[in-house]
Amino acid sequence: MQKQRQGGLRILFADDEVHLRDLMRMELPRLGHEVTVCPDGPSALKALEGGLFDAALLDMRMPGMTGIEVLAQIRQTSPDTQVIILTGHATVDTAVQALRHGAFDYLTKPCKWAELEAILGRVIERRDLANKTQALETRLKAAEGGTPLLIGDTPVMLQVKRLIETIAPTDAAVMVLGETGTGKELVARSLHEKSRRADRAFIPVNCGALPENLVESELFGHRKGAFTGADTHRKGLFEVANGGTLFLDEVGELDKSVQVKLLRFLESGEIRRVGENEPFRVDVRVICATNRDLREMVGEGTFREDLFFRLNTFEIDLPPLRGRKADVPALARHMIARNAQRRGLTEATISPEAVELLMNHDWPGNVRELANMIERATILAGNGPILPEHLPTQPSLRPRVSAPAASPVSAPHFQVPDGNPTLRDVEMKYIQAILEKHNGNKPAASRELGISLKTLYNKINQLQHN
Ligand SMILES: Nc1ncnc2c1ncn2[C@@H]1O[C@H](COP(=O)(O)OP(=O)(O)OP(=O)(O)O)[C@@H](O)[C@H]1O
Ligand SMILES: [Mg+2]
(Lines give C-alpha, C1' and ligand atoms only; values in the text may rest on other atoms or scores of the structure.)
(Ligands and ions follow the chains in the order given, each with its own letter.)
Protein backbone atom coordinates (compact mmCIF):
# COMPACT_ATOMS: atom_id res chain seq x y z
CA MET A 1 0.00 0.00 0.00
CA GLN A 2 1.10 3.55 -0.73
CA LYS A 3 1.07 4.40 2.95
CA GLN A 4 3.39 1.54 3.83
CA ARG A 5 5.74 2.42 1.04
CA GLN A 6 5.98 5.95 2.40
CA GLY A 7 6.99 4.57 5.77
CA GLY A 8 3.99 5.95 7.65
CA LEU A 9 4.06 9.00 9.88
CA ARG A 10 6.20 9.98 12.83
CA ILE A 11 3.62 10.83 15.46
CA LEU A 12 3.93 12.53 18.82
CA PHE A 13 1.11 11.70 21.22
CA ALA A 14 0.62 13.74 24.40
CA ASP A 15 -2.12 12.91 26.91
CA ASP A 16 -2.27 12.63 30.67
CA GLU A 17 -4.43 9.48 30.53
CA VAL A 18 -2.16 6.51 30.77
CA HIS A 19 -4.51 4.00 29.13
CA LEU A 20 -4.82 6.22 26.05
CA ARG A 21 -1.04 6.45 25.82
CA ASP A 22 -0.80 2.66 26.04
CA LEU A 23 -3.45 2.27 23.40
CA MET A 24 -1.70 4.59 20.95
CA ARG A 25 1.66 3.04 21.64
CA MET A 26 0.20 -0.28 20.59
CA GLU A 27 -2.20 0.64 17.82
CA LEU A 28 -0.45 3.36 15.82
CA PRO A 29 2.51 1.13 14.86
CA ARG A 30 0.00 -1.40 13.52
CA LEU A 31 -1.08 1.24 11.02
CA GLY A 32 2.53 1.64 9.98
CA HIS A 33 3.27 4.75 12.03
CA GLU A 34 5.99 5.42 14.56
CA VAL A 35 4.83 6.94 17.82
CA THR A 36 6.40 8.72 20.78
CA VAL A 37 4.16 9.24 23.81
CA CYS A 38 4.33 11.94 26.52
CA PRO A 39 2.23 12.56 29.62
CA ASP A 40 2.14 16.36 29.40
CA GLY A 41 2.91 19.52 27.41
CA PRO A 42 6.44 20.22 28.63
CA SER A 43 7.61 16.67 27.90
CA ALA A 44 5.95 16.90 24.46
CA LEU A 45 7.94 20.03 23.70
CA LYS A 46 11.07 18.31 24.89
CA ALA A 47 10.40 15.39 22.55
CA LEU A 48 9.88 17.88 19.73
CA GLU A 49 13.27 19.38 20.40
CA GLY A 50 14.69 15.94 19.87
CA GLY A 51 13.29 15.53 16.39
CA LEU A 52 10.83 16.33 13.68
CA PHE A 53 7.35 14.77 13.75
CA ASP A 54 4.85 14.65 10.91
CA ALA A 55 1.94 14.89 13.31
CA ALA A 56 1.35 15.75 16.97
CA LEU A 57 -1.82 14.54 18.72
CA LEU A 58 -2.29 16.75 21.78
CA ASP A 59 -4.82 16.49 24.53
CA MET A 60 -6.48 19.84 25.17
CA ARG A 61 -6.41 19.51 28.94
CA MET A 62 -3.15 18.45 30.43
CA PRO A 63 -1.48 19.46 33.66
CA GLY A 64 1.05 22.26 33.26
CA MET A 65 0.23 23.36 29.75
CA THR A 66 -2.87 23.20 27.57
CA GLY A 67 -2.83 21.60 24.16
CA ILE A 68 -3.30 25.04 22.60
CA GLU A 69 -0.20 26.36 24.35
CA VAL A 70 1.84 23.43 23.08
CA LEU A 71 0.33 23.98 19.63
CA ALA A 72 1.44 27.63 19.59
CA GLN A 73 5.02 26.58 20.33
CA ILE A 74 5.01 23.85 17.70
CA ARG A 75 3.86 26.30 15.04
CA GLN A 76 6.97 28.31 15.81
CA THR A 77 9.62 25.64 16.04
CA SER A 78 8.31 22.85 13.77
CA PRO A 79 6.02 24.33 11.12
CA ASP A 80 6.03 21.02 9.22
CA THR A 81 4.38 19.17 12.10
CA GLN A 82 0.59 18.93 11.73
CA VAL A 83 -1.15 19.32 15.07
CA ILE A 84 -4.39 17.56 15.98
CA ILE A 85 -6.09 18.63 19.21
CA LEU A 86 -8.05 16.10 21.28
CA THR A 87 -10.79 17.66 23.29
CA GLY A 88 -13.00 16.05 25.91
CA HIS A 89 -15.60 18.78 25.83
CA ALA A 90 -16.45 19.39 22.25
CA THR A 91 -17.56 22.91 22.30
CA VAL A 92 -17.47 24.92 19.11
CA ASP A 93 -15.29 27.27 21.06
CA THR A 94 -12.32 24.99 21.68
CA ALA A 95 -12.49 23.64 18.16
CA VAL A 96 -12.44 27.11 16.66
CA GLN A 97 -9.69 28.16 19.02
CA ALA A 98 -7.56 25.18 17.98
CA LEU A 99 -8.05 25.83 14.28
CA ARG A 100 -7.39 29.53 14.70
CA HIS A 101 -4.07 28.68 16.30
CA GLY A 102 -3.14 26.68 13.24
CA ALA A 103 -4.23 23.16 14.23
CA PHE A 104 -4.59 20.75 11.32
CA ASP A 105 -7.81 19.38 12.82
CA TYR A 106 -9.41 18.35 16.10
CA LEU A 107 -10.98 15.19 17.50
CA THR A 108 -13.54 14.86 20.24
CA LYS A 109 -13.10 12.30 22.99
CA PRO A 110 -13.86 9.51 23.18
CA CYS A 111 -12.32 9.51 19.75
CA LYS A 112 -13.42 7.05 17.15
CA TRP A 113 -10.64 5.05 15.64
CA ALA A 114 -11.99 5.54 12.12
CA GLU A 115 -11.96 9.30 12.54
CA LEU A 116 -8.40 9.26 13.75
CA GLU A 117 -7.37 7.08 10.83
CA ALA A 118 -9.09 9.45 8.41
CA ILE A 119 -7.29 12.45 9.82
CA LEU A 120 -3.91 10.70 9.72
CA GLY A 121 -4.68 9.74 6.15
CA ARG A 122 -5.09 13.41 5.35
CA VAL A 123 -1.80 14.25 7.05
CA ILE A 124 -0.13 11.72 4.76
CA GLU A 125 -1.87 13.27 1.77
CA ARG A 126 -0.69 16.71 2.77
CA ARG A 127 2.89 15.50 3.12
CA ASP A 128 2.74 13.67 -0.20
CA LEU A 129 1.29 16.73 -1.86
CA ALA A 130 4.21 18.80 -0.58
CA ASN A 131 6.55 16.19 -2.06
CA LYS A 132 4.64 16.20 -5.33
CA THR A 133 4.86 19.96 -5.59
CA GLN A 134 8.58 19.64 -5.15
CA ALA A 135 8.63 16.93 -7.80
CA LEU A 136 6.73 19.14 -10.22
CA GLU A 137 9.12 21.98 -9.60
CA THR A 138 12.14 19.84 -10.33
CA ARG A 139 10.42 18.43 -13.43
CA LEU A 140 9.63 21.92 -14.64
CA LYS A 141 13.26 22.80 -14.21
CA ALA A 142 14.19 19.69 -16.15
CA ALA A 143 11.70 20.57 -18.87
CA GLU A 144 13.43 23.89 -19.42
CA GLY A 145 16.32 21.92 -20.78
CA GLY A 146 13.92 19.77 -22.82
CA THR A 147 12.08 16.67 -21.69
CA PRO A 148 14.51 13.88 -20.96
CA LEU A 149 14.71 12.52 -24.43
CA LEU A 150 17.80 10.49 -25.09
CA ILE A 151 18.79 10.99 -28.68
CA GLY A 152 20.99 8.48 -30.42
CA ASP A 153 20.62 5.17 -32.21
CA THR A 154 24.15 4.00 -32.59
CA PRO A 155 24.47 0.43 -31.26
CA VAL A 156 26.07 1.61 -27.99
CA MET A 157 23.28 4.11 -27.37
CA LEU A 158 20.59 1.55 -28.20
CA GLN A 159 22.21 -0.71 -25.65
CA VAL A 160 22.16 2.09 -23.06
CA LYS A 161 18.48 2.71 -23.78
CA ARG A 162 17.64 -0.97 -23.44
CA LEU A 163 19.48 -1.10 -20.14
CA ILE A 164 17.51 1.94 -18.92
CA GLU A 165 14.21 0.27 -19.84
CA THR A 166 15.23 -2.87 -17.97
CA ILE A 167 16.47 -1.37 -14.75
CA ALA A 168 14.24 1.71 -14.44
CA PRO A 169 11.29 -0.21 -12.89
CA THR A 170 13.48 -1.74 -10.18
CA ASP A 171 14.52 0.01 -7.00
CA ALA A 172 18.14 -0.96 -7.43
CA ALA A 173 20.94 1.54 -7.09
CA VAL A 174 22.48 2.64 -10.36
CA MET A 175 25.91 4.05 -11.08
CA VAL A 176 26.14 6.21 -14.19
CA LEU A 177 29.64 6.62 -15.54
CA GLY A 178 30.97 8.74 -18.35
CA GLU A 179 33.08 11.72 -19.27
CA THR A 180 31.80 15.19 -18.67
CA GLY A 181 28.80 16.17 -20.79
CA THR A 182 27.97 12.64 -21.94
CA GLY A 183 24.46 12.83 -20.50
CA LYS A 184 24.78 11.23 -17.06
CA GLU A 185 22.17 13.47 -15.46
CA LEU A 186 19.85 12.97 -18.42
CA VAL A 187 20.12 9.19 -17.96
CA ALA A 188 19.39 9.54 -14.24
CA ARG A 189 16.27 11.57 -15.05
CA SER A 190 15.15 9.00 -17.64
CA LEU A 191 15.52 6.23 -15.06
CA HIS A 192 13.33 8.24 -12.70
CA GLU A 193 10.74 9.10 -15.35
CA LYS A 194 10.37 5.47 -16.34
CA SER A 195 10.02 4.23 -12.77
CA ARG A 196 6.99 3.98 -10.49
CA ARG A 197 8.44 7.03 -8.75
CA ALA A 198 7.87 9.28 -11.77
CA ASP A 199 5.27 11.44 -10.05
CA ARG A 200 7.52 11.97 -7.04
CA ALA A 201 10.55 14.13 -6.59
CA PHE A 202 13.76 13.74 -8.54
CA ILE A 203 16.35 15.50 -6.44
CA PRO A 204 19.76 16.10 -7.97
CA VAL A 205 22.56 16.87 -5.53
CA ASN A 206 26.03 17.89 -6.55
CA CYS A 207 28.13 16.29 -3.82
CA GLY A 208 31.20 18.26 -4.85
CA ALA A 209 29.47 21.62 -4.50
CA LEU A 210 28.18 21.14 -0.96
CA PRO A 211 30.27 22.84 1.73
CA GLU A 212 32.18 20.11 3.54
CA ASN A 213 30.81 20.79 7.02
CA LEU A 214 27.20 20.83 5.80
CA VAL A 215 27.10 17.76 3.53
CA GLU A 216 25.78 15.47 6.22
CA SER A 217 23.05 17.80 7.39
CA GLU A 218 22.06 18.68 3.80
CA LEU A 219 21.61 15.01 2.99
CA PHE A 220 20.23 13.68 6.25
CA GLY A 221 18.75 16.72 7.99
CA HIS A 222 19.42 17.95 11.47
CA ARG A 223 17.84 18.53 14.82
CA LYS A 224 17.43 22.03 16.15
CA GLY A 225 20.57 22.88 18.12
CA ALA A 226 22.58 19.98 16.66
CA PHE A 227 25.37 22.44 15.85
CA THR A 228 25.96 26.19 15.86
CA GLY A 229 23.61 27.78 13.36
CA ALA A 230 21.07 24.94 13.41
CA ASP A 231 18.26 27.02 14.85
CA THR A 232 15.36 25.01 13.45
CA HIS A 233 14.75 21.35 12.73
CA ARG A 234 15.53 20.73 9.13
CA LYS A 235 14.63 17.96 6.73
CA GLY A 236 17.47 16.57 4.69
CA LEU A 237 17.36 15.86 0.96
CA PHE A 238 16.73 12.16 1.65
CA GLU A 239 13.44 13.12 3.28
CA VAL A 240 12.58 15.62 0.56
CA ALA A 241 13.13 12.84 -1.97
CA ASN A 242 10.96 10.39 0.00
CA GLY A 243 9.05 8.22 -2.45
CA GLY A 244 11.26 9.48 -5.27
CA THR A 245 14.83 9.44 -6.50
CA LEU A 246 17.96 11.05 -5.15
CA PHE A 247 20.63 11.70 -7.74
CA LEU A 248 24.06 11.96 -6.14
CA ASP A 249 26.23 13.63 -8.73
CA GLU A 250 30.02 13.50 -8.29
CA VAL A 251 29.55 10.92 -5.55
CA GLY A 252 33.33 10.42 -5.40
CA GLU A 253 33.57 13.77 -3.61
CA LEU A 254 31.80 12.56 -0.47
CA ASP A 255 34.13 12.26 2.45
CA LYS A 256 34.48 9.09 4.42
CA SER A 257 32.14 9.94 7.29
CA VAL A 258 29.29 10.64 4.87
CA GLN A 259 30.15 7.52 2.89
CA VAL A 260 29.47 5.53 6.07
CA LYS A 261 26.03 7.09 6.52
CA LEU A 262 25.15 6.54 2.88
CA LEU A 263 26.18 2.89 3.17
CA ARG A 264 24.05 2.51 6.27
CA PHE A 265 21.04 3.84 4.38
CA LEU A 266 21.61 1.48 1.48
CA GLU A 267 21.85 -1.46 3.85
CA SER A 268 18.96 -0.67 6.19
CA GLY A 269 16.75 1.88 4.40
CA GLU A 270 17.14 4.05 7.46
CA ILE A 271 18.64 7.46 7.98
CA ARG A 272 19.38 9.48 11.08
CA ARG A 273 19.33 13.26 11.31
CA VAL A 274 22.41 14.99 12.67
CA GLY A 275 21.93 15.35 16.42
CA GLU A 276 19.18 12.73 16.65
CA ASN A 277 19.47 9.28 18.15
CA GLU A 278 16.59 7.51 16.47
CA PRO A 279 16.97 6.35 12.90
CA PHE A 280 13.88 6.19 10.69
CA ARG A 281 12.91 4.76 7.34
CA VAL A 282 12.70 6.61 4.07
CA ASP A 283 11.82 5.20 0.67
CA VAL A 284 14.40 6.61 -1.71
CA ARG A 285 16.09 5.27 -4.78
CA VAL A 286 19.70 6.31 -5.13
CA ILE A 287 21.31 6.96 -8.49
CA CYS A 288 24.93 8.11 -8.56
CA ALA A 289 27.20 9.57 -11.14
CA THR A 290 30.86 10.36 -11.31
CA ASN A 291 33.50 11.06 -13.87
CA ARG A 292 36.22 10.02 -11.49
CA ASP A 293 37.61 6.53 -11.44
CA LEU A 294 35.97 5.11 -8.34
CA ARG A 295 37.73 1.78 -8.71
CA GLU A 296 41.01 3.60 -8.51
CA MET A 297 39.76 5.54 -5.49
CA VAL A 298 38.82 2.24 -3.84
CA GLY A 299 42.36 1.05 -4.50
CA GLU A 300 43.78 4.22 -2.95
CA GLY A 301 41.50 3.82 0.05
CA THR A 302 39.65 7.11 -0.47
CA PHE A 303 36.35 5.46 -1.42
CA ARG A 304 34.84 2.62 0.61
CA GLU A 305 34.83 -0.64 -1.27
CA ASP A 306 31.60 -1.87 0.37
CA LEU A 307 29.84 1.35 -0.62
CA PHE A 308 31.18 1.09 -4.14
CA PHE A 309 29.61 -2.36 -4.56
CA ARG A 310 26.31 -1.21 -3.03
CA LEU A 311 26.04 1.76 -5.37
CA ASN A 312 27.07 -0.28 -8.33
CA THR A 313 24.21 -2.79 -8.47
CA PHE A 314 23.82 -1.67 -12.05
CA GLU A 315 26.32 0.31 -14.02
CA ILE A 316 25.53 2.41 -17.08
CA ASP A 317 28.64 3.46 -18.89
CA LEU A 318 28.02 6.33 -21.30
CA PRO A 319 30.44 6.29 -24.21
CA PRO A 320 32.09 9.57 -25.20
CA LEU A 321 30.57 11.29 -28.22
CA ARG A 322 33.72 10.76 -30.32
CA GLY A 323 33.01 7.03 -30.03
CA ARG A 324 29.51 7.41 -31.49
CA LYS A 325 29.87 10.16 -34.03
CA ALA A 326 27.04 8.78 -36.11
CA ASP A 327 24.74 10.26 -33.46
CA VAL A 328 26.05 13.80 -34.02
CA PRO A 329 23.67 14.82 -36.84
CA ALA A 330 20.56 13.63 -34.99
CA LEU A 331 21.72 15.29 -31.77
CA ALA A 332 22.47 18.53 -33.61
CA ARG A 333 19.05 18.54 -35.29
CA HIS A 334 17.35 17.83 -32.00
CA MET A 335 19.10 20.77 -30.38
CA ILE A 336 18.42 23.06 -33.32
CA ALA A 337 14.72 22.21 -33.15
CA ARG A 338 14.68 22.78 -29.40
CA ASN A 339 16.38 26.17 -29.73
CA ALA A 340 14.05 27.18 -32.54
CA GLN A 341 11.02 26.23 -30.50
CA ARG A 342 12.30 28.25 -27.57
CA ARG A 343 12.80 31.29 -29.77
CA GLY A 344 9.49 30.90 -31.57
CA LEU A 345 10.99 30.07 -34.96
CA THR A 346 9.14 27.68 -37.19
CA GLU A 347 12.01 26.50 -39.28
CA ALA A 348 15.61 25.93 -38.39
CA THR A 349 18.07 23.95 -40.42
CA ILE A 350 21.75 23.21 -40.80
CA SER A 351 23.67 22.96 -44.05
CA PRO A 352 25.32 19.64 -45.03
CA GLU A 353 28.74 21.38 -44.99
CA ALA A 354 28.21 22.47 -41.39
CA VAL A 355 27.16 18.93 -40.42
CA GLU A 356 30.34 17.63 -42.01
CA LEU A 357 32.40 19.97 -39.86
CA LEU A 358 30.60 18.73 -36.77
CA MET A 359 31.45 15.17 -37.79
CA ASN A 360 35.15 16.07 -38.00
CA HIS A 361 35.36 17.33 -34.44
CA ASP A 362 36.37 15.12 -31.52
CA TRP A 363 34.04 16.60 -28.90
CA PRO A 364 36.14 16.55 -25.72
CA GLY A 365 33.17 18.22 -23.97
CA ASN A 366 30.81 15.63 -25.48
CA VAL A 367 27.10 16.35 -25.92
CA ARG A 368 27.22 19.47 -23.77
CA GLU A 369 29.89 20.97 -26.02
CA LEU A 370 27.72 20.21 -29.02
CA ALA A 371 24.68 21.77 -27.33
CA ASN A 372 26.64 24.93 -26.54
CA MET A 373 28.04 25.17 -30.04
CA ILE A 374 24.59 24.76 -31.59
CA GLU A 375 23.15 27.37 -29.28
CA ARG A 376 25.78 29.90 -30.33
CA ALA A 377 25.42 29.00 -34.01
CA THR A 378 21.62 29.35 -33.93
CA ILE A 379 22.00 32.90 -32.67
CA LEU A 380 24.63 33.77 -35.25
CA ALA A 381 22.58 32.24 -38.05
CA GLY A 382 19.53 34.35 -37.22
CA ASN A 383 16.66 33.15 -39.38
CA GLY A 384 18.76 31.27 -41.90
CA PRO A 385 20.30 27.81 -41.84
CA ILE A 386 23.40 27.13 -39.79
CA LEU A 387 26.42 27.40 -42.09
CA PRO A 388 30.11 26.60 -41.55
CA GLU A 389 30.80 30.28 -40.85
CA HIS A 390 28.54 30.10 -37.77
CA LEU A 391 30.75 27.48 -36.20
CA PRO A 392 33.93 28.24 -34.22
CA THR A 393 37.21 28.38 -36.07
CA GLN A 394 38.96 25.53 -34.25
CA PRO A 395 41.09 23.48 -36.64
CA SER A 396 39.06 20.36 -36.01
CA LEU A 397 35.96 22.21 -37.16
CA ARG A 398 37.58 23.16 -40.45
CA PRO A 399 37.97 20.88 -43.45
CA ARG A 400 41.06 18.79 -42.81
CA VAL A 401 44.14 19.16 -44.92
CA SER A 402 46.09 16.53 -43.06
CA ALA A 403 44.63 14.87 -40.05
CA PRO A 404 46.14 16.44 -36.94
CA ALA A 405 47.00 14.18 -34.04
CA ALA A 406 43.83 14.75 -32.08
CA SER A 407 44.65 15.57 -28.51
CA PRO A 408 41.60 15.03 -26.34
CA VAL A 409 42.11 18.40 -24.71
CA SER A 410 42.99 21.60 -26.56
CA ALA A 411 45.54 24.10 -25.23
CA PRO A 412 44.23 26.82 -22.92
CA HIS A 413 43.85 30.29 -24.36
CA PHE A 414 45.43 32.10 -21.51
CA GLN A 415 46.74 35.62 -21.68
CA VAL A 416 47.55 37.90 -18.82
CA PRO A 417 44.78 40.54 -18.88
CA ASP A 418 45.73 44.00 -20.23
CA GLY A 419 46.36 47.05 -18.07
CA ASN A 420 47.42 46.60 -14.48
CA PRO A 421 45.58 43.45 -13.52
CA THR A 422 45.43 42.50 -9.88
CA LEU A 423 46.60 39.09 -8.81
CA ARG A 424 42.93 38.22 -8.41
CA ASP A 425 42.14 39.25 -12.02
CA VAL A 426 44.93 37.03 -13.28
CA GLU A 427 43.80 34.18 -11.08
CA MET A 428 40.21 34.42 -12.28
CA LYS A 429 41.28 34.60 -15.93
CA TYR A 430 43.50 31.57 -15.50
CA ILE A 431 40.75 29.58 -13.82
CA GLN A 432 38.43 30.49 -16.67
CA ALA A 433 40.97 29.37 -19.24
CA ILE A 434 41.58 26.03 -17.54
CA LEU A 435 37.84 25.47 -17.20
CA GLU A 436 37.40 26.16 -20.91
CA LYS A 437 40.27 23.84 -21.71
CA HIS A 438 38.44 21.07 -19.89
CA ASN A 439 35.08 22.03 -21.35
CA GLY A 440 33.71 22.84 -17.94
CA ASN A 441 34.77 19.53 -16.38
CA LYS A 442 35.36 20.80 -12.88
CA PRO A 443 37.02 17.76 -11.32
CA ALA A 444 39.56 17.73 -14.17
CA ALA A 445 40.08 21.50 -13.96
CA SER A 446 40.59 21.37 -10.20
CA ARG A 447 43.20 18.64 -10.60
CA GLU A 448 45.12 20.69 -13.15
CA LEU A 449 44.85 23.80 -10.98
CA GLY A 450 46.06 21.87 -7.95
CA ILE A 451 43.12 22.93 -5.80
CA SER A 452 40.25 20.96 -4.31
CA LEU A 453 36.97 20.76 -6.15
CA LYS A 454 35.30 22.68 -3.35
CA THR A 455 37.81 25.50 -3.61
CA LEU A 456 37.14 25.59 -7.34
CA TYR A 457 33.39 25.88 -6.77
CA ASN A 458 34.04 28.76 -4.37
CA LYS A 459 36.21 30.52 -6.94
CA ILE A 460 33.54 30.02 -9.62
CA ASN A 461 30.99 31.55 -7.27
CA GLN A 462 33.23 34.56 -6.89
CA LEU A 463 33.61 34.72 -10.67
CA GLN A 464 29.88 34.74 -11.12
CA HIS A 465 29.31 37.43 -8.54
CA ASN A 466 31.86 39.78 -10.00
N1 LIG B 1 21.66 11.51 -25.71
C2 LIG B 1 21.30 12.79 -25.51
N3 LIG B 1 20.23 13.28 -26.16
C4 LIG B 1 19.87 14.56 -25.98
N5 LIG B 1 20.51 15.43 -25.20
C6 LIG B 1 21.58 14.99 -24.53
C7 LIG B 1 22.03 13.65 -24.65
N8 LIG B 1 23.11 13.51 -23.87
C9 LIG B 1 23.33 14.70 -23.28
N10 LIG B 1 22.41 15.61 -23.66
C11 LIG B 1 22.37 17.01 -23.25
O12 LIG B 1 23.71 17.44 -23.05
C13 LIG B 1 23.84 18.24 -21.90
C14 LIG B 1 24.79 17.60 -20.91
O15 LIG B 1 24.19 16.42 -20.35
P16 LIG B 1 24.28 16.05 -18.80
O17 LIG B 1 24.17 17.27 -17.97
O18 LIG B 1 23.34 14.96 -18.54
O19 LIG B 1 25.79 15.53 -18.78
P20 LIG B 1 26.66 14.97 -17.56
O21 LIG B 1 27.24 13.70 -18.02
O22 LIG B 1 25.84 14.96 -16.33
O23 LIG B 1 27.82 16.06 -17.48
P24 LIG B 1 28.80 16.45 -16.22
O25 LIG B 1 29.71 15.29 -16.00
O26 LIG B 1 29.55 17.62 -16.71
O27 LIG B 1 27.91 16.74 -15.08
C28 LIG B 1 22.45 18.41 -21.35
O29 LIG B 1 21.90 19.61 -21.87
C30 LIG B 1 21.70 17.21 -21.90
O31 LIG B 1 20.32 17.49 -22.03
MG1 LIG C 1 26.08 16.15 -14.58
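Residues numbered from 1 in each chain as written. Chains lettered and ligands numbered in written order. Predicted model: local features only at pLDDT ≥ 70, side-chain atom pairs only at ≥ 80, totals over all residues.

**Focus on the sheet that holds strand β2 (residues 34-38)**
Strands pair in a sheet through their backbones, by hydrogen bonds, and they do so in one of two ways: parallel or antiparallel. Under the convention used in this document: Here, any two strands with at least 2 DSSP bridges between them count as paired. A run of H or I in DSSP becomes a helix once it reaches four residues, and a run of E becomes a strand once it reaches two; helices and strands are each numbered from the N terminus. Helix axes are fitted only over the stretch in contact, all axes being lines through C-alpha atoms; the angle between N-to-C directions runs from 0 to 180 degrees. By definition, residue pairs are in contact when their C-beta atoms, positioned from the backbone, come within 7 Å.
Taken in spatial order, the five strands line up as β2-β1-β3-β4-β5 in an open sheet, and their pairing is parallel. Two strands close off the open sheet at either side, each with one partner strand: β2 and β5 (105-108). Here the strands of the sheet are splayed against their neighbours by 20° on average, with no regard to which way each runs. Inspection of the sheet shows strand β4 (residues 82-87) paired to β5 by four bridges, in the parallel sense. Note that in β5 the partner of Leu-86 across the bridge is Leu-107. Contacts from helix α3 (residues 41-49) reach β1 (10-14), β2 and β3 (55-59), with the element oriented near 160° to β1.

**Observations regarding the environment of Asp-59**
Our working definition: Counting other C-beta atoms within 10 Å of a residue's own tells you its class, since 20 or more makes it buried, 12 or fewer makes it exposed, and anything in between is partly exposed; those C-beta atoms are placed from the backbone.
Mapped onto the elements, Asp-59 comes out in strand β3. We classify Asp-59 as buried; it has 25 C-beta atoms within 10 Å. Apart from the residues within four sequence positions on either side, Asp-59 is in contact with Ala-14, Asp-15, Asp-16, Gly-67 and Leu-86.

**Points about the packing of helix α14 (residues 328-342) against helix α15 (residues 352-360)**
Inclusion rule: Note on angle classes: values under 35 degrees are labelled roughly parallel, values over 145 roughly antiparallel, values of 65 to 115 roughly perpendicular, and the remainder oblique. Crossing handedness is read from the near helix: turned anticlockwise from the far helix by less than a right angle, it gives a left-handed crossing, and turned clockwise, a right-handed one. Lys, Arg, Asp and Glu make up the charged group, whereas Ala, Val, Leu, Ile, Met, Phe, Trp, Tyr, Cys and Pro make up the nonpolar group; the residues left over, Gly among them, are polar.
Closest axis-to-axis distance for the α14/α15 pair is 10 Å, and the angle between their directions is 120°. Judged by the angle between their axes, α14 and α15 are oblique. The crossing of α14 and α15 is right-handed. Residues Val-328, Pro-329 and Ala-332 of α14 form the contact with α15, whose participating residues are Val-355, Leu-358 and Met-359. Grouping the constituent residues of the contact of α14 with α15 by class yields six nonpolar, no polar and no charged.

**Here's the deal with the pairing of β2**
Which entries qualify depends on this criterion: Convention used here: a crossover is right-handed provided that the path from the first strand, over the helix, to the second strand proceeds clockwise when the strands point away from the viewer.
For β2, the tally of buried residues reaches four of five residues, placing the bulk of the element in the interior. Judged from the five bridges that link them, β1 and β2 form a sheet pairing that is parallel. Bridging across to β2, Ala-14 finds its partner in Cys-38. Each parallel crossover has a hand, and for β1 linked through helix α2 (residues 18-30) to β2 it is right-handed.

**Some remarks on unusual backbone geometry**
Here the residue pair Lys-109 and Pro-110 is connected by a cis peptide bond, since its omega of -5° sits within 30 degrees of zero. With respect to the helices and strands, the residue Pro-110 is situated in the loop between β5 and α6 (113-144). In this structure, Trp-363 takes a positive phi of about 55° despite not being glycine. Tracing the sequence through the fold places Trp-363 in the loop between α15 and α16 (366-381). The buried category is assigned to Trp-363, around which 24 C-beta atoms lie within 10 Å. The backbone phi angle of Asn-366 is positive, close to 55°, even though this residue is not glycine. As for its placement among the helices and strands, Asn-366 is situated in helix α16. Overall, Asn-366 belongs to the buried group, with 25 C-beta atoms counted inside 10 Å.

**Here we look at the sheet that holds strand β12 (residues 314-317)**
Pairing is parallel in the open sheet, where five strands are placed in the order β7-β8-β11-β6-β12. With one partner strand each, in any of the chains shown, β7 (202-206) and β12 form the two edges of the open sheet. Taken pair by pair, the neighbouring strands of this sheet meet at an average axis angle of 20°, ignoring direction. In this sheet, β12 lies alongside strand β6 (residues 174-177) in parallel orientation, the contact comprising four bridges. Its bridge partner lying in β12, Met-175 is registered against Glu-315. Of the strands in this sheet, β6, β7, β8 (245-249), β11 (285-290) and β12 touch helix α8 (residues 184-193), which is tilted by about 165° from β11.

**Structural notes on the environment of Glu-49**
Note on placement: Glu-49 falls in helix α3. Classification of Glu-49 as partly exposed rests on a count of 13 C-beta atoms within 10 Å. Sequence separation between Glu-49 and Lys-224 is 175 residues; the distance between their C-alpha atoms is 6.5 Å.

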